[in-house]
Amino acid sequence: MISRLLFPLALLFSIPALAQDSEAQPAASTAETENPIGWDPAMWELEDSDFTPEAGWHFGRLDNGMRYILRRNNRPEGTALVRMEIAAGSLDERDDERGYAHFVEHMAFNGSTNVPEGEMIKLLERLGLAFGADTNASTGFERTQYKLDLPRADEELLDTALMLMRETASELTITEEAVERERGVILSERRVRNTYSLKNVVDGLEFAYPGSLASKRLPIGTIETLEAANAAKLRAFWEREYVPASTVLVIVGDFDTAMVEVKIKERFASWEAAPSPDQPDAGPVNPDFSGETDIYLDPALSESVTLSRHAPYLDRPDTLEQRQQGLLRRVGARILGRRLQRLRRSEDPPFRSVNTGASNFFESGRTAQLTVSSDEGGWKRALDTAIDEYRRILLYGVSQAEIDEQLTNIRTGQENAVATSGTRSNRAFERQAFAIARGNNVPTDPASSLARFETFAPQVTPEAVLEAMLADQISLEDPLIRFSGKTAPEGGAEALREAVETAFSRALEAPKDTADAIFAYTDFGTPSEVISDSRTEELDIRTIRFANGVMLNLKQTDLQNDVINISLALDGGGMLNSREDPLAVELASLLPAGGLGQHSTDELQSILAGRSVGASFSAGARAFNSRASTTPRDFELQMQVMAAFLADPGFRPEGLGPWRKGLEDFFARIGRTPGSALGEAFGPALSDNDPRFSRQPIEAYRGLDYDHLRKVIAERMANGAIEIGIVGDFDEAEAIRFVANTFGAMPGREIQFREYNDERRERSFTNERGSRTITHKGEDDQAQLTFVWPTTDTSDWELSSRLSLLARVLRLELTDTLREELGQTYSPSANSRQSETYRGYGTFSIGAAIDVKEVEAARAAMLATISRLASDGPSQDTVDRARQPLLESLDNRLKTNRGWMGLVARAQSRPEDIARFLGTRERQEGITPAELQALAARYLAPADAVEFVVLPEAVVAHSAQD
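Right, let's walk through the structure included here. (Residues numbered from 1 in each chain as written. Predicted model: local features only at pLDDT ≥ 70, side-chain atom pairs only at ≥ 80, totals over all residues. Heavy atoms only, no water.)

Comments concerning the side chain of Arg 716
Secondary-structure assignment places Arg 716 in helix α22 (residues 706-719). The buried category is assigned to Arg 716, whose relative accessible area is 2%. At a separation of 2.8 Å, a polar atom in the side chain of Arg 716 contacts the side chain of Glu 715. The contact partners of Arg 716, leaving out residues within four places of it in the chain, are Leu 570, Asp 571, Gly 572, Leu 576, Phe 624, Ala 721, Arg 749, Glu 750, Arg 754 and Tyr 756. (Helix = DSSP H or I, 4+ residues; strand = E, 2+ residues; numbered from the N terminus. Buried < 20%, exposed > 50% of the residue type's maximum accessible area, 1.4 Å probe, protein only. Polar contact = N/O pair within 3.5 Å; in protein donor to acceptor, adjacent residues only side chain to side chain. Contact = heavy atoms within 4.5 Å.)

Here it is, written out as structure tokens:
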């Protein structure tokens, strides 16, 4: 299948949550001093905190009021993050300014005093930052953030980053011409986001918080205010809101912080101070608002019921006592979640998901919610079950055994945080910095967090947990009830409220205790001998083979302390699918949900509490894959768990219960957006309806079960070649022993992965070229236009490198044409996808989401871009801008364990991957504009493309009538 069935989550309306009450779990760096520099809690509105940041932080404020947070860190080595956050979002807009915060964010990339219009992104691309991946911005209700991920921590790049942030802060030009061009881009973004999901969110906000500012201030704005925007109005908003006192600069990376501070002062000290406007109240939120019911219907929505009540805003100080109370509440919430999870793990679960809890709604109020998601028509059973468990825990409390399980898990998380503290990532420190910048809490060092936890853990008793939960409770008596789904509940609003009232008045029994068990999979037989042991010449990857055929590849790194990443590949995967049985391995990813022969999934969760182990399984194109991350302490157990799922999978029917519940909703959402409609049409159209690449009818999925999966994969599980890759902080001798005792102790198996040199590796590209119209059931103004060409597979490395760069070049060209010049689309795409599996198969595609009225204009622009590229070729500057971010990513790939795993996982069965990687930079650097021109002329002839025009059903029907 092109896309796997995913279990859809319940659709909830969004409420900004408080920072976690529990101890922060930061994840490391090189501390420069014994204490944080410049720490002043009043500067961050954290005077009520009992805590001080750990060593290594550097804080400051300029005379004009701008604040900054710096942290030196070397993971990934030689890189950095630069963030500028303005405390101005959509809540700061006036009635006639809706969408202006987001509009101004877009204008930041459209010219300033020292950077001509259209040059900011190009400047960054020349320095190796890809737009979207490394250069980005976001606008929310309360703030706007500008983001630069620096691939090199050198002073020149830092100077450029700070210059661009200052340009954004105070030097934007905001010309009328630029506003007009960007308006189309923003309207395109609004159009793409305007789906059934967003409309559900809006209705939820309007119902739960009637008359609130937040319900009227979605960051995307309204069509009326966006069309009325002009340079003067946008400038007025920008000048009013973008002031030093509203700005925080965060820089984390491999820089000397003293040097960075000097540069910040040089760049920003001259920014003129101005008053920081107060952000309006997001409310009102009325604690007395109750007893109302809302029924919201859409054919694409899952069935869901939300109960809610409001209370006054609760401002909890960041004190030791509050963190202790937060731990008690968290333990109680996790126990409730565990009980609900246990109910969901059944062959016929009463609900698909449950969410419950209370959080602040900005600073306007506090809301408690209980939300259940059910299969069609199952809302009452789902609601009854969830309310029973919610009430049961408040009536009868929790057991010590339940507390012990959760404390064990929390303790392990804190111990792991201590162990990894020396190699925390830039992003981990970024999260901590903004916890401080937004006045949420003071992240402290992992060791002190663990010490406080151990001191308080004995006081986490059933009585204390229940008391904390009751003290935090907002009664759901006479709640607001919101139903969303495809069809209205039988009996309507009255039936909903009657069901809730009955559920809350019903007598309940105390919860039953669960039995303990011991992990049953510690002996897999006599370990195999190692029959070969060598190292690769280029990257020093140790490659080992056991006598039973199992391959093991090892790479020790110091990139992340105390973390071990494990990859397992088992021959087979998608090669077991066929035209006769295209869904043969569709359920492979659900194999862990079926538990083990000796343990159900629920039992495993309790048995493995407090252990850093996991299990996954999926079907790749030619192999089944399993991934896990563990610690040296749990390394042996992790290998036992992975081996157990191969040797004795449980195939318990309850593993399919939640998946079956989601089938109807998944199929109901198909075609509800242009992207979904295109995704469904893509495979059948290009493969001439080959069932392996086409969505099957829902009946085919309903007919799937574990018995069929077992029959399909049993032979590969017993005999298929196995290759294991291990990367990270481990002892090689231990790794060899643990693998020998588990996978190495299994019966002998094939010693190499099969080639499958038959029809299973054949995939055709249709001969029916030309335009195809696809219909969708979304909004009437949404359309999508995509062109697809056949290319070839990945066997020719030079050709693959050129096609990859051509796609990057074309993405830049289309962005310049469709977005910057014409303002027709938010984000055009260009992709080269060459198959490693199917001989001679590959595709090259370009596409854009557009207004239905702009289809012909967009087609003309896209074809003109292709024609120009094929006839004239790209400029050297365009090629350089496309290539430099790729080269930077290549240079940084082996600075993470994940990057290493891409080469270690199959180092024996696919050694060519290493050679290919090592030669990529040289191949990319040698590509010329003339070669890309020739490539475009060779592969991208308009007559050779399959064109997909995705239009609304209503528009196509209307055209047919005309």
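Here's the deal with the sheet that holds strand β1 (residues 57-61)
Taken in spatial order, the six strands of this open sheet run β1-β2-β6-β3-β5-β4, and their pairing is mixed. Two strands bound the open sheet, and with one partner strand each, they are β1 and β4 (135-139). With strand direction ignored, the average angle separating the axes of adjacent strands in the sheet is 15°. Pairing analysis gives six bridges linking strand β2 (residues 67-72) to strand β6 (residues 247-253), with the strands arranged parallel. Residue pairing for β6: Arg 72 is matched across the bridge by Gly 253. Along the sheet, helix α1 (residues 100-107) contacts β4 and β5 (144-150); its crossing angle with β4, the most-contacted strand, is approximately 165°. Here helix α13 (residues 426-437) sits on the sheet and contacts β1, β2, β3 (80-86), β5 and β6; the angle it forms with β3, its principal contact strand, is near 25°. (Pairing = 2+ DSSP bridges. Axes fitted to C-alpha atoms, helices over the stretch in contact; angles between N-to-C directions.)

Quick look at the pattern of salt bridges
In total, this model carries 81 salt bridges according to the counting rule given. One salt bridge connects Arg 366 with Asp 472, and the closest N-O pair in it is separated by 2.5 Å. Placement of the pair is Arg 366 in strand β10 (residues 365-374) and Asp 472 in helix α15 (residues 462-472), with a sequence separation of 106 residues. One exposure class covers both Arg 366 and Asp 472, and it is buried. Taking the shortest distance from any N to any O, the salt bridge between Arg 497 and Asp 478 comes out at 3.3 Å. Highlighted residues: Arg 497 in helix α16 (residues 492-505) and Asp 478 in the loop between α15 and β11 (480-485), separated in sequence by 19 residues. The exposure class assigned to Asp 478 is partly exposed, which follows from its relative accessible area of 37%. (Salt bridge = Lys/Arg side-chain N within 4 Å of Asp/Glu carboxyl O.)

Re the packing of helix α24 (residues 797-821) against helix α26 (residues 876-892)
Two numbers describe a pair of packed helices, the interaxial angle and the distance between the axes. Put simply, α24 and α26 touch, their axes get as near as 9 Å, and they point 120° apart. Looking at the two axes, α24 sits oblique to α26. Where α24 crosses over α26, the two elements pack in a sense that is right-handed. Residue-level contacts link Leu 805, Arg 808, Val 809, Leu 812, Glu 813 and Asp 816 of α24 to Thr 878, Val 879, Arg 881, Ala 882, Arg 883, Pro 885 and Leu 886 of α26. Looking at side-chain class alone, the contact of α24 with α26 contains seven nonpolar, one polar and five charged residues. (Parallel < 35°, antiparallel > 145°, perpendicular 65-115°, else oblique. Left-handed = near helix turned anticlockwise from the far one by under 90°. Nonpolar A, V, L, I, M, F, W, Y, C, P; charged D, E, K, R; others polar.)

What about the side chain of Arg 497?
On the basis of relative accessible area, Arg 497 is assigned to the buried category, the value being 13%. Once residues within four sequence positions are removed from consideration, Arg 497 is found in contact with Gly 291, Glu 292, Thr 293, Asp 478, Pro 479 and Ile 481.

Here we look at the pairing of β2
With five of six residues buried, β2 is to be regarded as a mostly interior element. Pairing of β1 with β2, which is carried by five bridges, proceeds in the antiparallel orientation. Bridged to Gly 60 within β2 is Tyr 68. Adjacent in sequence and paired antiparallel, β1 and β2 are bridged by five residues, among which Gly 65 carries a positive phi angle near 105°.

Regarding the environment of Leu 81
As for its placement among the helices and strands, Leu 81 is situated in strand β3. Leu 81 gets classed as buried once you look at its relative accessible area, which sits at 6%. For the pair Leu 81 and Glu 580, spaced 499 residues apart in sequence, the C-alpha separation works out to 51 Å. Apart from the residues lying within four places of it in its own chain, the contact partners of Leu 81 are Leu 148, Asp 149, Val 250, Ile 251, Val 252, Asn 426, Arg 427 and Glu 430.

A few points about the packing of aromatic side chains
Given two aromatic rings, one states the distance between the centres and the angle between the planes to describe the pair. Taken as a whole and judged by the stated rule, the model has 21 aromatic pairs. Look at Phe 635 and Phe 738: their rings are 5.3 Å apart centre to centre, the planes differ by 90°, and that puts the pair in the edge-to-face class. Taken together, the positions of Phe 635 in helix α18 (residues 635-647) and Phe 738 in helix α23 (residues 732-741) put the pair 103 residues apart, joining distant regions of the chain. Across the pair, Phe 738 and Phe 635 agree in class, each one buried. By the ring-pair criterion, three or more aromatic residues cluster together here, those being Trp 39, Trp 44, Trp 57, Phe 59 and Phe 429. Against the face of Trp 57 rests Arg 71, its NZ or CZ located 5.1 Å from the ring centre. Directly above the ring of Phe 753 sits Arg 906, whose terminal nitrogen or CZ lies 4.0 Å from the centroid. (Phe/Tyr/Trp six-rings, centres within 6.5 Å; stacked < 30°, edge-to-face > 60°. Lys NZ or Arg CZ within 6 Å of the ring centre and 35° of its normal.)

A look at the sheet that holds strand β7 (residues 293-297)
With mixed pairing, five strands are arranged side by side in an open sheet as β7-β11-β8-β10-β9. Only two strands of the sheet have a single neighbouring strand rather than two, namely β7 and β9 (353-361). Averaged over all neighbouring strand pairs, the angle between strand axes comes to 15°, with direction disregarded. Note: β7 against β11, five bridges, orientation parallel. Across the sheet, residue Tyr 296 finds its bridge partner in β11, namely Ser 484.

Things to note about helix α20 (residues 674-686)
With 13 residues, α20 extends 18 Å from end C-alpha to end C-alpha; this agrees with the ideal 18 Å at 1.5 Å per step. Along α20, the residues classified as buried are Pro 674, Ala 677, Leu 678, Ala 681, Gly 683, Pro 684, Ala 685 and Leu 686. Looking at the buried positions of α20, the neighbouring elements they touch are β19 (770-776), β20 (782-790) and β23 (946-952). (Expected span 1.5 Å × (residues − 1).)

Structural notes on the environment of Leu 890
With respect to the helices, strands and loops of the structure, Leu 890 is situated in helix α26. Residues Leu 890 and Asp 203 lie 687 residues apart in sequence; the distance between their C-alpha atoms is 45 Å. With near-sequence residues (within four places) excluded, Leu 890 lies in contact with Phe 917, Thr 920 and Arg 921.

Observations concerning the packing of helix α3 (residues 155-170) against helix α9 (residues 257-268)
Between α3 and α9, the least distance of the axes is 10 Å, while the angle of their chain directions is 35°. Note on packing geometry: the crossing formed by α3 with α9 is right-handed. Note on element contacts: α9 touches α3 through Met 259, Val 260, Lys 263, Ile 264, Arg 267 and Phe 268, opposite Glu 155, Leu 158, Asp 159, Leu 162, Met 163, Met 165 and Arg 166. Across the contact of α3 with α9, the residue classes tally to eight nonpolar, no polar and five charged.

Topic: the nonpolar core
Residues Leu 552, Phe 635, Ile 713, Ile 724, Ile 726, Val 739 and Phe 743 are the most contacted members of the largest nonpolar core, which totals 62 residues. Top contributing element to this core by residue count: α18, with nine residues. Among residues more than four places away in sequence, those in contact with Ile 726 are Leu 552, Asn 553, Leu 554, Lys 555, Ile 564, Asn 565, Ile 566, Phe 635, Ala 735, Val 739, Met 901 and Val 904. Grouped together as the second largest cluster of nonpolar side chains are 55 residues, Met 84, Leu 124, Tyr 146 and Trp 238 included. (Core = buried A, V, L, I, M, F, W, Y, C linked by side-chain atoms within 4.5 Å.)

Details of unusual backbone geometry
In this structure, Pro 76 follows Arg 75 across a cis peptide bond, with omega equal to -5°. Along the chain, the position of Pro 76 falls in the loop between β2 and β3. Of note, the amide linkage connecting Gly 283 to Pro 284 takes the cis form, showing an omega dihedral of 10°. Take Pro 284: it is sitting in the loop between α9 and β7. The phi torsion at Glu 45 lies on the positive side, around 55°, for a residue other than glycine. Positioned with a positive phi, Asp 688 is a non-glycine residue whose angle comes to about 55°. Residue placement: Asp 688 occurs in the loop between α20 and α21 (698-702). Accessibility expressed as a relative area gives 41% for Asp 688, which makes it partly exposed.

Re the pairing of β5
The side chains of a regular strand alternate, residue by residue, between the two faces of the sheet. The buried count for β5 comes to six of seven residues, which makes it a mostly enclosed element. Where β3 meets β5, seven bridges bridge the pair, whose relative direction is antiparallel. Each bridged residue has a counterpart across the sheet, and for Met 84 the counterpart in β5 is Tyr 146. As paired strands, β4 and β5 are joined by five bridges and run antiparallel to one another. The residue bridging Asn 136 from the neighbouring strand is Lys 147, located in β5.

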